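# Topology and contacts: notes
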Amino acid sequence: MSAQFTDVGSDVPPAFRTVGAHVAYDGVPVLDGVSIDIPVGQTMAVLGPNGSGKSTLMRAMLGIVPLTSGQVLVHGVPLRRFRSWRRIGYVPQRLTAGGAVPATVREIVASGQVAARRRLSFATRADRAAVEEALETVGLADRARDSVRELSGGQQQRVLIARALAGRPDTFVMDEPMAGVDAENQRALAGTIARLRDLGATVVLVLHELGPLEDVIERAVVLESGRVAHDGSAPEPTGECARPGHEHQHPHPDPNDPARAATETAPANLIRLEVPGRD
Ligand SMILES: Nc1ncnc2c1ncn2[C@@H]1O[C@H](COP(=O)(O)OP(=O)(O)OP(=O)(O)O)[C@@H](O)[C@H]1O
């Protein structure tokens, strides 16, 4: 995978540029003029309270939701003219791998290459090697033949990341990759993301808290009510989350763990991020 990413010079356009991005759902504003540049090779977290517009910003950057005004450029190209989608690996929020289909881990991961492959062509040896490498990277090579339904939520999340890796993108957008993932899997995911960063990939992640990614994240953008409230180094957690031994209650529990889902509450105010210069 080391040949996958190349060094960039200063004249390389940002992986993503949003200029005054506004998004509204049914007339209700959700993004309120977001302007950010995400340079190639940066590992950046988007943080903020529930409903602040984090996922919407990711979807707007990928053209999944339309802007009401403003502009998005991807690798220097206005979104509507951008064609190099094989460069982008998107890991959506919430688990959808497998679903009702009894697919194996390897099949799901290989499905990440379909968009990049030419029509009616079969997987090449290089494609198959990329699938194996992606499985190794997320630590699931030994589960390749298993049905994804047998895996825990955290392991399934790693399958989704492997699926994105298998397409050999250089730009990753991950919407809450840690959601519903147990501590051990979170550490494994953090290792994967650190490795991508070291290879020079651009990684944009929506997170509720930095957790094991604290040392991996180079920059944090905090959204509040659809606006950028902080842009810089990662803010310190405060309140409940900062207490030693505090067990974070995530608003999106592991969907595969009914006991946990039933007992967990989803208080929107559990996450408090200290934004420099604000109350
Ligand atoms: N498809 C949609 N249609 C209508 N409203 C939506 C839609 N998607 C999101 N919203 C609303 O837009 C607001 C921002 O949602 P978004 O998911 O972007 O926030 P978020 O910061 O990612 O939240 P969370 O941390 O809970 O995932 C919320 O009030 C949400 O209810």
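For the structure given in this document, a descriptive report is provided here. (Residues numbered from 1 in each chain as written. Predicted model: local features only at pLDDT ≥ 70, side-chain atom pairs only at ≥ 80, totals over all residues. Heavy atoms only, no water.)

## Side note on the pairing of strand β9 (residues 219-224)
Just so we agree on the cut-off: Each residue's exposure class comes from its accessible area (1.4 Å probe, protein chains only) as a fraction of the maximum for that residue type: buried when under 20%, exposed when over 50%, partly exposed otherwise. Here a helix means four or more residues in a row that DSSP labels H or I, a strand means two or more in a row labelled E, and each is numbered from the N terminus. Being paired, for any two strands, means DSSP has found at least two bridges between them.
Among the six residues of β9, five are classified as buried, and the element is accordingly described as predominantly covered. Bridging between strand β3 (residues 43-47) and β9 involves four bridges; their strand directions are parallel. In the sheet register, Met 44 faces β9, and the bridge partner there is Arg 219. Alignment of β9 against strand β10 (residues 227-232), held across five bridges, turns out to be antiparallel. Looking at β10, one finds that Leu 223 is bridged to Val 228.

## Quick word on the nonpolar core
The nonpolar side chains of a soluble globular protein tend to be buried, and buried together. Let me state the cut-off plainly: What is meant by a nonpolar core is a set of buried Ala, Val, Leu, Ile, Met, Phe, Trp, Tyr and Cys residues, joined one to another through side-chain atoms within 4.5 Å. In this description, contact between two residues means that some pair of their heavy atoms is separated by no more than 4.5 Å.
The biggest cluster of nonpolar side chains holds 41 residues, and the ones touching the most others in it are Val 109, Met 174, Leu 207 and Leu 213. Among the secondary structure elements, those contributing two or more residues to this core are β3, α2 (105-110), α3 (125-137), α4 (153-166), β7 (171-175), α5 (183-198), β8 (202-206) and β9. Broken down by element, the residue count for this core peaks at seven residues, all from α4. When neighbours within four sequence positions are excluded, Val 109 is seen to be in contact with Val 131, Ala 134, Leu 135, Val 159, Ala 162, Arg 163 and Ala 166.

## With respect to the site of the ligand
Cut-off, in case you're wondering: We call a residue near a molecule or strand when any one of its heavy atoms sits within 4 Å of it. Definition of a polar contact: a pair of N or O atoms within 3.5 Å, with one able to donate and the other able to accept a hydrogen when the atoms are protein atoms, and with sequence-neighbouring residues admitted only if both atoms are side-chain atoms. To be clear on the numbers: accessible area is Shrake-Rupley with a 1.4 Å probe, and residue cover counts the displayed protein chains and nothing else. Under the scheme applied here, ten amino acids are nonpolar (Ala, Val, Leu, Ile, Met, Phe, Trp, Tyr, Cys and Pro), four are charged (Asp, Glu, Lys and Arg), and all others, including Gly, are polar.
Taken together, 15 residues are adjacent to the ligand, and Gly 51, Gly 53, Lys 54, Ser 55 and Thr 56 come closest. Within the backbone of Gly 53, one N or O atom sits 3.0 Å away from an oxygen atom of the ligand. Separating an oxygen atom of the ligand from a side-chain N or O atom of His 208 is a distance of 3.3 Å. Expressed as a share of its isolated accessible area of 630 Å², the protein-covered part of the ligand is 62%. Element by element, the count of residues in the shell around the ligand is highest for helix α1 (residues 54-61), at four residues. Each residue belonging to the shell around the ligand can be placed in one class, and the counts come to three nonpolar, nine polar and three charged.

## Considerations on unusual backbone geometry
Residues other than glycine seldom take positive phi values, yet Asp 26 does so here, at roughly 50 degrees. Note that Asp 26 resides in the loop between β1 (16-25) and β2 (28-38). For Arg 168, which is not a glycine, the phi torsion comes out positive at approximately 55 degrees. Examined against the element boundaries, Arg 168 turns out to sit in the loop between α4 and β7.

## Some remarks on the sheet that holds strand β6 (residues 88-91)
So the rule is basically this: Under this scheme, a helix contributes an axis fitted over its contacting stretch, all axes are lines through C-alpha atoms, and angles between N-to-C directions fall in the 0 to 180 degree range.
Read across the open sheet, the six strands follow the order β6-β7-β8-β3-β9-β10; overall the sheet is mixed. If you trace the sheet from one side to the other, it starts and ends with β6 and β10, each paired once. With strand direction ignored, the average angle separating the axes of adjacent strands in the sheet is 15 degrees. As paired strands, β3 and β8 are joined by four bridges and run parallel to one another.

## Thoughts on the pattern of salt bridges
Should their charged atoms come close, side chains of opposite charge can pair. The test is simple: Salt bridge, as applied in this entry: a Lys or Arg side-chain nitrogen positioned within 4 Å of an Asp or Glu carboxyl oxygen.
The full count for this structure, using the stated rule, is eight salt bridges. Note that Arg 143 and Asp 146 form a salt bridge whose closest N and O atoms lie 2.4 Å from each other. Given a relative accessible area of 21%, Asp 146 falls into the partly exposed group. Asp 231 is the salt-bridge partner of Arg 219, the closest N and O atoms lying 2.8 Å from each other. Of the two residues, Arg 219 sits in strand β9 while Asp 231 sits in strand β10, which places them twelve residues apart along the sequence. By relative accessible area, Arg 219 is classed as buried at 11%. Classification of Asp 231 by relative accessible area gives partly exposed; the value is 40%.

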